[in-house]
Amino acid sequence: MSEDAAAGRRQPDADTGRAGIVLAGGRSDRFPTVDKALAPLDGHPLLWHAVDSVAPTADELIVNCRRDQREAFAEVLSEFPVRFAIDRIPDRGPLVGLRTALAESTATYAAVLPCDMPSIPAGFLDFLFTRARNRMGAVARFEERVQPFPAVVHVRAAAAACREAEANREDQLDAFISAVDPHTVPERVVRAHVDPVAFRNINTHDDLAQARDS
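From a predicted model like this one, the values you see are computed outputs, not experimental measurements. (Residues numbered from 1 in each chain as written. Predicted model: local features only at pLDDT ≥ 70, side-chain atom pairs only at ≥ 80, totals over all residues. Heavy atoms only, no water.)

## As for the packing of helix α3 (residues 94–103) against helix α5 (residues 155–168)
Part 1 of the reasoning: Put simply, α3 and α5 touch, their axes get as near as 9 Å, and they point 150° apart. For the pair α3 and α5, the crossing hand works out as left-handed. Residues L95, V96, L98, R99 and L102 of α3 form the contact with α5, whose own contacting residues are V155, A158, A159, C162, R163, A165 and E166.
Part 2 of the reasoning: Here the contact of α3 with α5 is composed, by residue class, of 9 nonpolar, no polar and 3 charged. (Axes fitted to C-alpha atoms, helices over the stretch in contact; angles between N-to-C directions. Helix = DSSP H or I, 4+ residues; strand = E, 2+ residues; numbered from the N terminus. Left-handed = near helix turned anticlockwise from the far one by under 90°. Contact = heavy atoms within 4.5 Å. Nonpolar A, V, L, I, M, F, W, Y, C, P; charged D, E, K, R; others polar.)

Structure below.
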């Protein structure tokens with residue numbers, strides 16, 4: 001069940017509005033001395049940047065994480081009306097984390113970001129919301145492949161797609177995207193809307209150093 005960082009926040013009616021979901025429950029062996037989500041960039045943790053990206057487009061904000069992360073995450077996100085979707089069994093991958101977060105959402109559509117993509121502009125997420133309308137979702141093609149994130153997905157359809165992908169035991173994120181069957185924004189359109197550097201994942205300390213220098 002969700003755990004509110006902002007007690008008393010009014011929840012929207014079911015199947016209305018937009019959610020913003022940030023996945024932050026994974027462990028990164030390449031960040032051995034700090035939780036990657038809390039690694040600082042431009043004065044704020046990576047997690048803060050991801051939540052700040054989705055906040056302008058969303059009626060509700062949900063962060064998926066492990067129980068041991070919640071206290072620290074709530075502290076750095078205190079300015080946002082965030083709810084936490086806690087993994088019952090940690091370390092089972094982003095698809096399980098996404099399913100956990102989707103189960104907590106009352107929205108029709110949700111924008112989904114991992115915590116290590118700190119530079120996706122809110123305007124591009126808003127564009128994906130418009131592309132997802134009357135579809136099961138919208139994703140971007142970048143560097144000649146369909147990117148699983150950022151994505152905007154229909155909440156209930158995506159929850160079903162998570163279950164299907166897990167059951168098939170395939171490459172789970174690719175299987176998830178296939179099951180959702182989203183609108184795919186062509187790369188030329190993506191590049192017209194967003195600087196390609198925004199698609200950079202922060203996976204290592206070197207990636208973080210490059211992001212600080214850019």
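## Overview of unusual backbone geometry
Part 1 of the reasoning: In the segment running from F149 into P150, the intervening peptide bond is cis, with an omega of 0°.
Part 2 of the reasoning: Its place among the elements puts P150 in strand β9 (residues 145–154).
Part 3 of the reasoning: Notably, E143 is not glycine yet its phi reads approximately 55°, a positive angle.
Part 4 of the reasoning: Mapping E143 onto the fold places it in the loop between β8 (137–142) and β9.
Part 5 of the reasoning: Assessed through its relative accessible area of 57%, E143 is described here as exposed. (Buried < 20%, exposed > 50% of the residue type's maximum accessible area, 1.4 Å probe, protein only.)

## Some details on the pattern of salt bridges
Part 1 of the reasoning: Applying the stated rule across the entire model yields 7 salt bridges.
Part 2 of the reasoning: Close ionic contact of R18 with D126 constitutes a salt bridge, the shortest N to O distance being 2.7 Å. One end of the pair, R18, is in strand β2 (residues 18–23); the other, D126, is in helix α4 (residues 122–132), with 108 residues separating them in the sequence.
Part 3 of the reasoning: What makes R18 partly exposed here is its relative accessible area of 23%.
Part 4 of the reasoning: On the basis of relative accessible area, D126 is assigned to the partly exposed category, the value being 31%. (Salt bridge = Lys/Arg side-chain N within 4 Å of Asp/Glu carboxyl O.)

## A short note on the nonpolar core
Part 1 of the reasoning: Core analysis: the biggest nonpolar cluster contains 67 residues, and L47, V63 and F176 have the highest contact counts within it.
Part 2 of the reasoning: In contact with F176, other than residues within four places in its own chain, are L95, L98, V153, A158, A161, C162 and A165.
Part 3 of the reasoning: Of all hydrophobic cores here, the second largest spans 7 residues; its members include F31, A39, L208 and A211. (Core = buried A, V, L, I, M, F, W, Y, C linked by side-chain atoms within 4.5 Å.)

## Things to note about the packing of aromatic side chains
Part 1 of the reasoning: Tallied over the entire structure, the rule returns 4 aromatic pairs.
Part 2 of the reasoning: With 4.6 Å between their ring centres and 15° between their planes, F142 and F199 make a pair best called stacked. Placement of the pair is F142 in strand β8 and F199 in the loop between α7 (187–193) and α8 (205–213), with a sequence separation of 57 residues. As far as burial versus exposure is concerned, F142 and F199 are alike and both buried.
Part 3 of the reasoning: Put simply, the rings of F124, F127, F142 and F199 touch in pairs and so form one group of aromatic residues.
Part 4 of the reasoning: The residue whose ring lies beneath R18 is F129, and the NZ or CZ to ring-centre distance is 4.2 Å. (Phe/Tyr/Trp six-rings, centres within 6.5 Å; stacked < 30°, edge-to-face > 60°. Lys NZ or Arg CZ within 6 Å of the ring centre and 35° of its normal.)

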